[in-house]
Amino acid sequence: MSSSWNSVGLEVLYQVIGWIAFAAWSFSFYPQVVLNYKRKSVVGLNFDFLVLNLTKHSSYLIYNAALFFSPVIQKQYHDKFGDKEGFF
């Protein structure tokens, strides 16, 4: 197998690892939800966690949206990759 960063095999591997990481991260929240449901209580659920998690995800969304829709970033991307990589 040749070691090319643009190979289909590596692209598939990246996608599979990414989806596994996403699934593991998503499923990591379920035990707390199940425990709270069984106890019929939210004892042990820290309100600070919820606020900080919401702040983190909101900040990440704003950052990515600002970069994605920035004309300057789009021009730099087009200058580097041209038309061979789709941006939209």
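Numbers given for residues are sequential positions, taken from 1 along each chain in its written order. Since the coordinates come from a predicted model, pLDDT governs what is reported: local features require at least 70, and pairs of side-chain atoms require 80 or more to be given and counted, while whole-chain, interface and lining totals use all residues. The side-chain values count all of the structure's non-hydrogen atoms but skip hydrogen atoms and water molecules.

### Description of the overall build of the chain
Going along the chain from the N terminus, every DSSP run of H or I of four or more residues is numbered as a helix, and every run of E of two or more is numbered as a strand. A tally of regular secondary structure across the chain gives four helices and zero strands. Beginning at the N terminus, the succession of helices and strands in the chain can be written as α-α-α-α. The buried label applies to any residue whose accessible area, calculated with a 1.4 Å probe on protein chains only, is under 20% of its type's maximum; exposed applies above 50%, and partly exposed to all values in between. Buried positions account for 6% of the 88 residues belonging to the chain. Put simply, the chain shows about 8,000 Å² of open surface, and 71% of that area lies on carbon and sulfur atoms. The accessible surface values rely on the Shrake-Rupley method and a 1.4 Å probe; as for residues, cover is taken only from the protein chains in view.

### Overview of the confidence of the model for the chain
Counting all residues, the mean pLDDT for the chain is 85, and 88% of those residues have values of 70 or more. Confidence scores here are pLDDT values: one per residue, from the predictor, ranging 0 to 100. Taken element by element, the chain is modelled with least confidence in helix α4 (residues 71–81), mean pLDDT 86, and with most confidence in helix α3 (residues 47–69), mean pLDDT 91.

### Description of unusual backbone geometry
In the Ramachandran plot, Lys40 falls in the positive-phi region, its phi being about 55° despite a non-glycine side chain. Here Lys40 shows up in the loop between α2 (30–39) and α3. By relative accessible area, which is 62% here, Lys40 ends up exposed.

### Points about the pattern of salt bridges
The salt bridge criterion pairs a side-chain nitrogen of Lys or Arg with a carboxyl oxygen of Asp or Glu, the two atoms within 4 Å. Here the structure, examined in full by the defined rule, presents one salt bridge. The shortest N-O distance in the salt bridge between Asp79 and Lys75 comes to 2.9 Å. Of this pair, Asp79 and Lys75 both sit in helix α4, separated by four residues, roughly a single helical turn. Taken individually, Asp79 and Lys75 each receive the classification exposed, so the pair is uniform in this respect.

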